[in-house]
Amino acid sequence: MKRNSKRNKIFNLNNFIYLCCTVISFLYLSKMAEPSLGARWIMLNLLAIVLPFITIGKAYFSGKSGEFKLSRMQILIIILAIWFLISGLWSVNKANYIQEIINHLSIFLLILFISYYALNLDFKVLFRLLSLIVFALSLLGILQFYGLDFRFFQQAVPPASTFVNKNLATTTIALLFPLTYIQLLCMKNSKTWKILLSASCSITLAYLIAAGTRSAWLGTAISMIVLFIVVLIKSDLRKFLTRNNILHVFIAIIIAILLVSIGSTINKKPVSGRSLNDQIETMSTLLDSIDIHNSTNSINMRLIKWRNALEMFKANPLTGFGLGNFDANYPLFHNSGFEDRNYDSRLFIAELHNEPLQYLVETGLIGIVLISIFLLSIYVMLFRLLKTENHVFALIIFTGISTLIIDSFFNHSFHYPTAIFWFCLFSGMVISKYNQEFPKNLAHIKTRKILLPAMILFLILTVSVINISNRKYRSSVLYRKALIYDRAEQTIPAVQFVSQSVDAWQNWNVGQFHCARILARNYLLKKTNKNFQMAKEYNDSALKNMPFNYLLNLMKFKILLAGGTSDDLKALEKDIPLLQKIMPYSNIYDVYDLLQQYYEKTNNPEQALHFEFQKNKQAGDAYFEYGKFEKSLKYYKRLTEKFNVSEEIEERIEFLRAKKMSKID
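This is a predicted model, so every value here is computed, not measured. (Residues numbered from 1 in each chain as written. Predicted model: local features only at pLDDT ≥ 70, side-chain atom pairs only at ≥ 80, totals over all residues. Heavy atoms only, no water.)

Chemist: With reference to specific residues and values, describe the packing of aromatic side chains.
Modeler: For the structure shown, the criterion picks out 32 aromatic pairs. Summarising the aromatic geometry, the rings of Phe-414 and Phe-423 are spaced 5.1 Å apart at their centres and angled 85 degrees between planes, so their arrangement reads as edge-to-face. By the burial criterion, Phe-414 is buried, and Phe-423 matches it. Put simply, the rings of Phe-557, Tyr-592, Tyr-598, Tyr-599 and Phe-611 touch in pairs and so form one group of aromatic residues. One cation-aromatic arrangement involves Arg-40 over Phe-163; the distance from NZ or CZ to the ring centre is 4.3 Å. Over the ring of Phe-438 we find Arg-384, and its NZ or CZ is 4.1 Å from the ring centre. (Phe/Tyr/Trp six-rings, centres within 6.5 Å; stacked < 30°, edge-to-face > 60°. Buried < 20%, exposed > 50% of the residue type's maximum accessible area, 1.4 Å probe, protein only. Lys NZ or Arg CZ within 6 Å of the ring centre and 35° of its normal.)

Chemist: If you had to explain the packing of helix H5 (residues 123-145) against helix H17 (residues 417-437) to someone new, which residues and values would you point to?
Modeler: A pair of packed helices can be characterised by two numbers: the angle between their axes and the separation between those axes. Between H5 and H17, the shortest axis-to-axis distance is 14 Å and the interhelical angle comes to 160 degrees. Between H5 and H17, the angle falls in the class roughly antiparallel. By crossing handedness, the relation of H5 to H17 is classed as left-handed. Contacts from Phe-123, Leu-126, Phe-127, Leu-130 and Ile-133 of H5 reach H17 at Trp-422, Leu-425, Phe-426, Met-429 and Lys-433. Split into classes, the residues belonging to the contact of H5 with H17 amount to 9 nonpolar, no polar and 1 charged. (Axes fitted to C-alpha atoms, helices over the stretch in contact; angles between N-to-C directions. Helix = DSSP H or I, 4+ residues; strand = E, 2+ residues; numbered from the N terminus. Parallel < 35°, antiparallel > 145°, perpendicular 65-115°, else oblique. Left-handed = near helix turned anticlockwise from the far one by under 90°. Contact = heavy atoms within 4.5 Å. Nonpolar A, V, L, I, M, F, W, Y, C, P; charged D, E, K, R; others polar.)

Chemist: Mind laying out the pattern of salt bridges, listing which residues take part and the relevant values?
Modeler: Opposite charge on two side chains makes pairing possible when the charged atoms of those side chains draw close. Under the definition given, this model contains 14 salt bridges. Linking Asp-575 and Lys-556 is a salt bridge whose minimum nitrogen-to-oxygen distance equals 3.0 Å. Taken together, the residues Asp-575 in the loop between helix H23 (566-572) and helix H24 (576-581) and Lys-556 in helix H22 (residues 550-563) connect sequence positions 19 residues apart. Of the charged contacts in the structure, one is a salt bridge between Lys-574 and Asp-575, with a shortest N-O distance of 3.6 Å. Judged by relative accessible area, Lys-574 falls into the exposed class, the value being 62%. Residues joined in a network through salt bridges with shared partners are Lys-617, Asp-621, Glu-648 and Arg-652. (Salt bridge = Lys/Arg side-chain N within 4 Å of Asp/Glu carboxyl O.)

Chemist: Explain the nonpolar core to me, using residue names and the numbers behind them.
Modeler: Core analysis: the largest hydrophobic core is formed by 172 residues, its most contacted members being Leu-121, Phe-374, Trp-422 and Met-429. If you tally residues by element for this core, the top one is helix H15 (residues 355-385), at 14 residues. With residues near it in sequence (within four places) discarded, Leu-121 still touches Asn-14, Ile-17, Tyr-18, Leu-126, Leu-425 and Met-429. Counting residues in hydrophobic clusters, the runner-up holds 10 residues, among them Tyr-636, Leu-639, Phe-643 and Val-645. (Core = buried A, V, L, I, M, F, W, Y, C linked by side-chain atoms within 4.5 Å.)

Chemist: Help me get a handle on the packing of helix H21 (residues 529-545) against H22, residues and values and all.
Modeler: It is the contact of H21 with H22, at a shortest axis distance of 10 Å, that shows an interaxial angle of 155 degrees. In this view, H21 runs roughly antiparallel relative to H22, as classed from their interaxial angle. Note that H21 runs across H22; the crossing there is left-handed. Residues Phe-532, Ala-535, Lys-536, Asn-539, Ala-542 and Leu-543 of H21 form the contact with H22, whose own contacting residues are Leu-552, Asn-553, Met-555, Lys-556, Ile-559, Leu-560 and Gly-563.

Chemist: I'd love a proper account of the side chain of Ser-87, names of residues and values included.
Modeler: The topology assignment puts Ser-87 in the loop between helix H3 (72-86) and helix H4 (94-117). Here the side chain of Ser-87 touches Phe-84 through a polar contact of 2.7 Å, landing on its backbone oxygen. When neighbours within four sequence positions are excluded, Ser-87 is seen to be in contact with Tyr-97, Gly-322 and Leu-323. (Polar contact = N/O pair within 3.5 Å; in protein donor to acceptor, adjacent residues only side chain to side chain.)

Chemist: Any chance you could break down a nonpolar patch on the surface for me, citing the residues and the numbers?
Modeler: A cluster of nonpolar side chains, namely Leu-247, Phe-250, Ile-251, Ile-254, Ile-255, Leu-258, Ile-262 and Ile-266, defines an oily patch on the protein surface of about 730 Å² accessible area. Mapping Ile-266 onto the fold places it in helix H11 (residues 243-266). Of the residues examined, Ile-266 reaches a relative accessible area of 52% and is grouped as exposed. (Patch = residues over 30% accessible without salt bridge, like charges linked within 9 Å, V, L, I, M, F, W, Y side chains within 5 Å. Areas by Shrake-Rupley, 256 points an atom, 1.4 Å probe, with all protein chains shown as cover.)

Chemist: Outline H22, supporting the account with residue identities and numerical values.
Modeler: Since the α-helix packs 3.6 residues into each turn, any two residues three or four apart lie on the same face. Along its 14 residues, H22 runs 20 Å from first to last C-alpha, staying within 8% of the 20 Å computed at 1.5 Å per residue. The buried fraction of H22 amounts to 10 of the 14 residues, a majority that puts the element mostly inside the structure. Taken together, the buried positions of H22 are Tyr-550, Leu-551, Leu-552, Asn-553, Leu-554, Met-555, Phe-557, Ile-559, Leu-560 and Leu-561. With a side-chain oxygen lying 3.1 Å from the backbone nitrogen of Leu-551, the N-terminal cap of H22 falls on Asn-549. (Expected span 1.5 Å × (residues − 1).)

Chemist: Any details on unusual backbone geometry? Residues and values, ideally.
Modeler: You will see that Ser-161, though not glycine, has its phi angle at about 55 degrees, which is positive. For Ser-161, the position within the fold is in the loop between H5 and helix H6 (166-176). Phi is positive for Glu-489, which is not a glycine, with a value near 60 degrees. Locating Glu-489 in the fold gives a position in the loop between helix H18 (447-487) and helix H19 (491-504).

Chemist: Give me H19: which residues, what numbers.
Modeler: The terminal C-alpha atoms of H19, which comprises 14 residues, lie 20 Å apart, in line with the 20 Å expected from a rise of 1.5 Å per residue. Within H19, the full set of buried residues consists of Ala-494, Val-495, Phe-497, Val-498, Ser-499, Ser-501, Val-502 and Ala-504.

Chemist: Would you mind going over a positive patch on the surface in detail, with residue names and values included?
Modeler: Together, Lys-628, Lys-631, Lys-634 and Arg-638 line one region of the surface with positive charge. Following the sequence through the fold, Lys-628 ends up in the loop between helix H26 (605-626) and helix H27 (629-642). (Lys, Arg positive; Asp, Glu negative; His and termini not counted. Charge placed at Lys NZ, Arg CZ, Asp CG, Glu CD.)

Right, here's the structure in full:
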């Protein structure tokens, strides 16, 4: 009876975790501004606080006493959390740092909690539940691939299941995919589960192929190859593989290929906008397509940003720029390694599409060394667990985490809340299982002494997180409404909702960025004193967190040029070198035109002429390099009407005129 009573006490928390596992995978709120991330992050933030609070509360009120054991890995997680926390001291973008630190502390708390609680989980039930979840998610994606793109799922890049973007979906599904085929390979006598796992394996693999996310393909392929090498090397693992099970996996693969072939035939114009053949072709010609001087495709865009990110690392190697601060500082380095012609401050890109490099830039050598030690320790634990009876458990988690890590070199896998949730669950389970099999602990603390203060701390944290989550949610809803009105060119409600959004949650740089943009445009359309004050206030607020953002600096110039005092205009002089340094290649003409207006307004005709010359010369040169000869000729002709030009420009004008005449002939 006592044993059953104990199991019943655990049962409710078990069910809660299993329910959370399901919800966090399927969660989709179409009314959220960022439905793929916003609601899932809120769910993860709440779980990281609520789960420990419930567990500590149960232990305290049940009158339990015992020892709290702290292993080396758990101490390492605490050190990591502290380092990430203090990185905000030197960060430029405080808003994004606050957003990121909330999310990362949630990650560390979840791993710590699961590392203590996971032994109470029924791994067999959990893994089978996850197999059904990945089956259902993949099935939704396959239906979208076949052309059934449901209105409720307003996908940005389908087929995307419930994740809005297919790259968000494939990261999570690739991480969970080993649950299907490894369980199937090691299954013993359950015919029902063999059928279910075979179906899950077929549908999941079909979706991974159909979605065409190359980083997920690479991660899945490499992790599967490594898995089979490990199985071949370790003879004690081969005995668990039967011919019948291998046949089931082989048939599942054949069915997956057939499903994709049929889908490609039925849906001639895939909802993803790019056919599967196109994706395969880009993979086959990958090395030939690499050209660092051409930043127009995704491969070259990544390579150029990675090269410039290395220059960022060299500028601040030990401590980095602070968590969540890559995007805020990148404008200073967008031409440092290679010229990033795709760089555009009108687009807000917070991720580098290379997680190890981004953490290196943001948290420095100290951060990346701590992260590397953590991941290597997980692998060491898994290899040691392979020697025990936990071989299936170790193989599944080893392959899943390997897929995620490989994907992270080309994506931002550790910024996807659902993928992170599963990573936390898997990592915590490994630590928990390892501590059980190889008990080597550093610290022993009497639990009754820490339970009450821990419960009070988590109660305060719970209230805080609920408050923050509510504010973030309200801010997102208001932000989405503002964007809808803005796109419909209904200025008054757009201004109203976007300012309310920022007021509800100031620590969100995307919201601040778009708020400043909408209010600046509103002022330039309706130049009233009230609109001027609002535009200036919110633009200044955004610039405190993003001082090197080109568009925000450009809007500051426009606002003050249109309605500022003489003192305001004089203060702009010191910002000119920064504006020129962070200027995107595509905005050369615009910024020099603005500087010409500035010097005209401040009665400096000599400098105004200088920038009038510069704007036409730079634009002419830029269009000449891009091969847009008619536009290039237009700007060069403007030069000759007012200025003396060099022989090189005269030769170019002759060349362009000849080109134009031959085109007419």
